[in-house]
Each structure stands twice: as C-alpha cells, then as structure tokens.
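If you want the building blocks of each chain, they are given just below.
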Amino acid sequence: MQLPGIDREKCLAFLSSLVQIKSYSQTDGELVVTNYIAQRMREIGLETEIVPFDNGKRQNAVGIWRGKGDQWKRHPSSRQAKSLLFNGHLDTNPVSGGWTIDPWEGKIDDDFIYGIGVSNMKSGCAAYFCAVEALKASGWRPRADVTLTYVVGELQGGVGTMALIERGKAKADYFINCEPSDIRAITMHAEALTFEITLRGITRHMSAREEAADAIMAACRLIPRLNGMVFSGAKSNDHLKCNRCQVGVVHGALGDELAEWRPPQVADVCKIAGSARYAPGQTQKSVMRDLAAVINEIVLGFPGMKYELKQRSEPTMPSFEVSPASPLVKSLNEAYQGVRGEPQPTGVIAPTCFYGSDAGHLYKSLGMEGIVCGPGGKYNTRPDEKVDIPDYLDCIRMFMRVIVDICG
C-alpha cells in the first residue's frame, strides 16, 4: 500500500503537549499524563482502558486498535498477520540542576524538541501514537490487533508493565519497546543487580600503620578490578558485550559508624556499593560468585582483612534478547532502510545494551518476541534534555511501515 504522509507540526505539537505535563515518577503527575493519553486514544477511536495498580495509587493506559481478522488475507500465500504491542513509560526523572530552558515548555526549534523526559521516553511514546493516528486517518485497518501500552513505574524496576502482565493486558505476538536507542535496533540488553561490599580491617594510629589492615587501601585496589570485570558463563561474544561493572559509592572511615573525626587513625571499615550488568544466560548467583572471587583475591593482600558481600533486594530489570533473524527485526530493518535509505544499526549496541527496559519483563514473563527501538538517546537524562526532530519523525514513519508489514 501507499503509506500516508505525516503532519510534521501535528506530531511535534503532540509530543510537546506530553512534555508539558509534569509527570515525575511516583507523583500525581502520573495520573494526569495517563488520563491525558487515554483521552487522546479515545479520540482517535481506540478501545481504551485505564488499568490501576498499587492499590489504585498508580495507573497505566492501554489502547487497542482491533484488527479485522485473517479472513481478510489478500492472497492465499500471504503471511499470516501478527499482533503487535508497543510499550513505553510516561513517568520521568526529576529536573536536575544546569537547565537553561523551561523543562516543561516543550520547546521546539529547527533541530530539536526539548524538555524533561522528552528522550526518556515521551518521544517514543508519542511516535507510536502518531503512527497509529496517521494510519487510522488514512482509512487503512490492520488484520491483527495493534496495542498501545503507556505505563508508569519503569523507573522503579518496571512495576507498571509487570502490573499489565499480571492482569493479562499485555498480549501480542510481538512487541516494540521504544526506549531511547537513537532509532537503532537493539537486540539484547543486560540484566542488572546492585551489590554492597563491607571491608573490615584492623585500625592503628598512623604511627603504627604497618600493623594495620587498611580498609581504604584495600578498596583502592579493589575498585579498579571491579570496574574492569566481565562475568563467567557468557554464551557468546555478543553476550559478553552486555557485561559491565561499576562502583558508584565509597565510604571509608573508623568503625561501623564510619566516624570521620579521627583522620590520623587507619580506617578499619570501608563500604562500597555498585551495579553489575550481565547478559541473558548469566545469573545473579554466578555474578555474585564472580564478585566474591575478585574480592577474595584482593583481601588476601591485607592480612586480617575480612569482608561481607550482599545483593540489594530491590526490583531489577530482567535481561532481554532477540535473534537478528526475527521477522520483527527484519521488518524494522526494512522500515529503516525504506525511510533513510541506509542499513539500520542492529545488534548489541552500547550504551543502550547496558540500560534496563520493560522489554526484559515482556521477554522473561511472557516469552514474547520483541525489539528495543525508539527516538532519543544522545541527550538522555541530562540538563536541556532533547531529541533530534528528524529521528522522532523518521521513527513515526518506521513504525507505520512495521505496523502495515506485521499486522496488515
């Protein structure tokens, strides 16, 4: 079919309207933005539902464009239509320092659209709405259902998408999660865990430090080793690309209370916290075992030093992967080629492969085949957050092509 064009100004205005809603995560702004997107979906004729969770304190919005069924096949040899689910979160991080523009203006200039959450990830959410709106307005109708899911709580480990899964509201043959990837096709991303290490040494006054086991010095040797780690059990070199470890918190001082008033005393306690990223097939247990092996090696160089290692019990995003040969990946690749006239970057691509996303829940809990691809990325979660306008508009065009190819 001849795909309809898109209304540039209308698409930009819609994204700007989403940015103008202050939807900080875990605030009432989540209710405002999900009610708004639900109303917009109703206006274009989607079956729309608000899905509360967390005892009604939070909510998601779901819209379904019903297909007309496979009895409408154009030819007996045509491929069976498959249903497609789009997924994105509308809650945002808070505004940091350093902004030079109004974070909620939804400012548009010749090159970019700006605002808090525009990259992470309101531009992706707007792109699939605009793709469906343009196709519906053209009179085209899919043979299989197209489902638009707008969640909150991705920033707390994906609790919104998990609520949809638990209520049976996330059903489809394929999904596209629209986390910011600079519209590259991400076929794998890591799982995450957060770890804490407490090093316990032996204190002495600095005059007798040769008799001490200095916890700060042990941490100074340990941290570079941790930051350079990859983990055992990776199934391939591509899986190894998802491996990374980073220490983000260090505090060393005297005693368990980490008293800082006595600098001449050798620190006998140092607390470290960090995050590990690892690929599908690697496990929390094996990662923690690998961390322990490195810590053991370092501690041996400090007689009398002991340590505790534990994993924080907090929600984590599961890992995700899809074969580059998947029909959905091929469809997205062809859509990118058709829009931009060049091959789409596809695979295990940094930095997106180190992010978490709700794709992990759809993949792990439902076994659903999907892909991560959305506008935004280069200017993600930073002052004057912005998205390249061509990326946003081209993403809409790509999603239209994929919907027609997969669902119609």
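Residues numbered from 1 in each chain as written. Predicted model: local features only at pLDDT ≥ 70, side-chain atom pairs only at ≥ 80, totals over all residues. Heavy atoms only, no water.

## Describing helix H10 (residues 389–407)
- The end-to-end C-alpha distance of H10, which contains 19 residues, comes to 27 Å, matching closely the 27 Å that a straight helix rising 1.5 Å per residue would cover.
- Among the 19 residues that make up H10, 15 are buried, leaving the element largely enclosed by the rest of the structure. (Helix = DSSP H or I, 4+ residues; strand = E, 2+ residues; numbered from the N terminus. Expected span 1.5 Å × (residues − 1). Buried < 20%, exposed > 50% of the residue type's maximum accessible area, 1.4 Å probe, protein only.)

## Remarks on unusual backbone geometry
- The step from Asn 120 to Met 121 runs through a cis peptide bond, and the omega angle for that step is -5°.
- Summarising the element assignment, Met 121 is placed in helix H3 (residues 118–137).
- Here Ala 350 and Pro 351 are connected by a cis peptide whose omega angle stands at 0°.
- Within the secondary structure layout, Pro 351 lies in the loop between strand S14 (346–347) and helix H9 (359–366).
- Residue Asp 182 is not a glycine yet carries a positive backbone phi of 55°.
- Looking at where Asp 182 falls in the secondary structure, it is placed in the loop between strand S6 (174–177) and strand S7 (185–186).
- Of note in this structure, Thr 381 is not a glycine but carries a positive phi near 45°.
- Considering the arrangement of structural elements, one finds Thr 381 in the loop between strand S15 (369–372) and strand S16 (386–388).

## Focus on the packing of aromatic side chains
- Overall, the coordinates contain 10 aromatic pairs when judged by the stated rule.
- A centroid spacing of 6.1 Å and a plane angle of 55° characterise the contact between Phe 175 and Phe 320, whose relative ring orientation is tilted. Of the two residues, Phe 175 sits in strand S6 while Phe 320 sits in strand S13 (residues 320–321), which places them 145 residues apart along the sequence.
- Its relative accessible area of 0% is what places Phe 175 among the buried residues.
- Ring centres of Phe 320 and Tyr 363 lie 6.1 Å apart, and the angle between their planes is 85°; this geometry places the pair in the edge-to-face category. Placement of Phe 320 in strand S13 and of Tyr 363 in helix H9 is noted, with a sequence separation of 43 residues between them.
- The exposure class assigned to Phe 320 is buried, which follows from its relative accessible area of 0%.
- An aromatic cluster is present here, built from Phe 86, Tyr 128, Tyr 150 and Phe 399 joined pairwise through their rings.
- Stacked on the ring of Phe 112, the Lys or Arg Lys 386 has its end atom at 4.2 Å from the ring centre.
- The ring of Tyr 379 carries Lys 386 above its face, with NZ or CZ at 4.6 Å from the centroid. (Phe/Tyr/Trp six-rings, centres within 6.5 Å; stacked < 30°, edge-to-face > 60°. Lys NZ or Arg CZ within 6 Å of the ring centre and 35° of its normal.)

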